[in-house]
Amino acid sequence: MTNKELADLLLPNVDSDITKYENMYPERNLDEKAIVTRFAPSPTGFVHMGSLFQSFISRKAASDTNGVFFLRVEDTDQKRLVENSVKGIVDDLKNFEIDIDEGMINEEEEKGAYGPYIQSKRKEIYQSFVKYLLEQGKAYPCFCSAEEIEETRLLQEKRKQRIGYYGRFAKCRKLTPEQIKEKVEAGESYIIRLKSHGDFEHKIKAHDLIKGALEFPENDLDVVILKTDGLPTYHFAHLVDDHLMRTTHVIRGDEWLSSLPLHLQLFETFGFKTPKYAHISPIMKEENGIKRKLSKRKDPEAAVSFYHEKGIPVEAVKLYLMTLANTNFEQWYDCNKDKTLNDFPFDFKKMSSSGGLFDVEKLMNISKNYISRLSAKQVYDGLVAWAKVHDEEFYQTLIANPEYATSVFNIEREQKKPRKDYSCYSDIRELSWYMFPDLYDKHDKEYVFQTISDKQEIANVLTLYMEKYYHEEDTKEEWFDHMKDLAQELGYAREVKEYKENPDAYKGHIGDISLVLRIVLTTKSMTPDLYDIMRLLGKDTIFERYHSWIEGNQ
Ligand code: GLU
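Thresholds, definitions, all that
- Residues numbered from 1 in each chain as written.
- Predicted model: local features only at pLDDT ≥ 70, side-chain atom pairs only at ≥ 80, totals over all residues.
- Heavy atoms only, no water.
- Near = heavy atom within 4 Å.
- Polar contact = N/O pair within 3.5 Å; in protein donor to acceptor, adjacent residues only side chain to side chain.
- Areas by Shrake-Rupley, 256 points an atom, 1.4 Å probe, with all protein chains shown as cover.
- Nonpolar A, V, L, I, M, F, W, Y, C, P; charged D, E, K, R; others polar.
- Core = buried A, V, L, I, M, F, W, Y, C linked by side-chain atoms within 4.5 Å.
- Buried < 20%, exposed > 50% of the residue type's maximum accessible area, 1.4 Å probe, protein only.
- Helix = DSSP H or I, 4+ residues; strand = E, 2+ residues; numbered from the N terminus.
- Pairing = 2+ DSSP bridges.
- Axes fitted to C-alpha atoms, helices over the stretch in contact; angles between N-to-C directions.
- Contact = heavy atoms within 4.5 Å.
- Salt bridge = Lys/Arg side-chain N within 4 Å of Asp/Glu carboxyl O.
- Phe/Tyr/Trp six-rings, centres within 6.5 Å; stacked < 30°, edge-to-face > 60°.
- Left-handed = near helix turned anticlockwise from the far one by under 90°.

**Let's talk about the site of the ligand**
Consideration 1: Close contacts around the ligand come from Arg38, Ala40, Ser42, Glu74, Tyr234, Arg252 and Trp256, and that covers them all.
Consideration 2: Between a nitrogen atom of the ligand and a side-chain N or O atom of Glu74, the distance comes to 2.7 Å.
Consideration 3: When the free accessible area of the ligand is taken as 290 Å², the share hidden by the protein chains comes to 84%.
Consideration 4: The class makeup of the residues in the shell around the ligand is three nonpolar, one polar and three charged.

Take a look at the structure:
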């Protein structure tokens, strides 16, 4: 029986003409340096930080080189499928503004000329490649049961030998065509294995874009390439897909590093050009001085929902991811304040081969700086989008008067040293509710006075301010002069300096007076510019709050 006859017996209705696919998916017509890469998740749920990081880098590498970034869904493990998970993945990428050039766009549809982009729809293609290998005598059927494989494993363990289906442990490799025929005709079920030509004693060299030069023993495992359900294993699908989709760079988690010798062998077996590999180390976290992998279970920041709930702007998350990805990014960004992430040239060589350390505090700091550089309108728009999903009440307040809300966020913004009190959108309500009368009315008010805490004295300050020194049309300078006059009239120094030089001559200084006016108006001892706050709130609101405090504290 020839290999061809054997192949026909094993995969009867499959066409082994793989050149057909070579023609269907021609080399891409791109610049020589263009990176074609992909994000290839299993549809087991949502994207987490590690895979977000990976897709972010892949997108960036493709964009920097006018290449292509596509989304391929790897659902060959039908046991692990989760309903609607393609949508989850697509939405997660969209929410982080990681655009795909090709690939799945929802559960059913896709875009691009190199599809299908979901592996379960590529069965025919994989089988064609498997049949081609069978015809070449480079693959064979294996009839071993799970029990037999387990027995071999136990034996290998006992003898302290390498685990796996190789050499003399590869029982079915030795079956004659006649024996195979007999088993097939008897209805025995089988899988297809690669007939590895490797020698474990032989060392091969490989290069990884992140890890550098590597050396491995050559693969000699006869790995499964086609399972009983007719679908390929990851290894074989990787070969077929990344070859036909003309992937130039495989950027993936370093849990796949140990499979690299096998993957290189598969490409070699077919005579296909190998892609370049970049194996990303997992994101790490330091806890009590001990480094460990960022964990979906233990670390809330490992879930992408964390960023949405907190309202950290997407761009800030990306800036942080880039600091994790390339150690030189932060300095570059500091020196290029007018530039954006798009202008930064990503470099695989500058990636940590041991894994970046995730630091939420640093992320929040980056976000704070990022928000401080936004215009009031941008803050308003970002906040509205966030509140729409996460804080309905605030959302209604914001959209009721966009102009007013924007002015609130414009206090001490759009200037050389802008305010830096918002780390994320979820901070803003707590830091600004007193500017919105409807929120103010509903909010609990607790006043913690400092230097002036005597109720009568506080009432004196408020009363005199309203009666004599509040002038609606005051410029900032005039207002400040009036504040000084108020201080003076009540026995406080006009300047802090004066007070410091002669503390016994005064009850306090101008700062104590303005603090009282600030606390009663806002309940807070720290706010942005009081003059701006007063201008926006207007006379009626100011007087109402002052009067009501006085009445409540008589
Ligand atoms: N489906 C594989 C995973 O989720 C993809 C690895 C790769 O990018 O090749 O780990």
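From this point, the narrative continues.
**Concerning the nonpolar core**
Consideration 1: Phe409 and Leu517 are the most contacted members of the largest nonpolar core, which totals 174 residues.
Consideration 2: Counting residues per element, this core draws most heavily on helix H23 (residues 530-552), at ten residues.

**Details of the sheet that holds strand E9 (residues 224-226)**
Consideration 1: Spatial strand order, E5-E6-E9: three strands in an open sheet with antiparallel pairing. Each edge of the sheet is formed by a strand with only one pairing partner; in this case those strands are strand E5 (139-142) and E9. Averaged over all pairs of adjacent strands, the angle between strand axes in this sheet comes to 45°, irrespective of strand direction.
Consideration 2: Inspection of the sheet shows strand E6 (residues 191-194) paired to E9 by two bridges, in the antiparallel sense. Paired with Arg193 across the two strands is Val224, which belongs to E9.
Consideration 3: Helix-sheet contacts for helix H5 (residues 123-135) involve E5, E6 and E9, and the interaxial angle to E9 is about 120°.

**As for the pattern of salt bridges**
Consideration 1: Across all of its chains, the model carries 41 salt bridges by this definition.
Consideration 2: Note that Arg153 is salt-bridged to Glu150, the shortest N-O span being 2.9 Å. Here the residue Arg153 and the residue Glu150 both occupy positions in helix H6 (residues 146-158), the gap between them amounting to three residues, near one helical turn.
Consideration 3: Note that Asp485 is salt-bridged to Arg494, the shortest N-O span being 2.9 Å.
Consideration 4: Salt bridges sharing common partners tie together Arg38, Arg72, Glu74, Arg122, Asp241 and Asp242.

**Digging into the packing of aromatic side chains**
Consideration 1: For the structure shown, the criterion picks out 32 aromatic pairs.
Consideration 2: Taking the centre distance of 5.4 Å and the plane angle of 70° together, the rings of Tyr166 and Phe169 count as edge-to-face. Taken individually, Tyr166 and Phe169 each receive the classification buried, so the pair is uniform in this respect.
Consideration 3: Arranged with centres 6.4 Å apart and planes meeting at 45°, the rings of Phe409 and Phe436 form a pair that is tilted.

**Observations regarding the packing of helix H1 (residues 3-10) against H5**
Consideration 1: At their nearest, the axes of H1 and H5 sit 8 Å apart, and the two run at 145° to each other. The handedness of the crossing between H1 and H5 is right-handed. Taking contact as the criterion, the partners of Asn3, Lys4, Ala7, Asp8 and Leu10 in H1 are, on H5, Lys131, Leu134 and Glu135.
Consideration 2: For the contact of H1 with H5, the class distribution of residues is three nonpolar, one polar and four charged.

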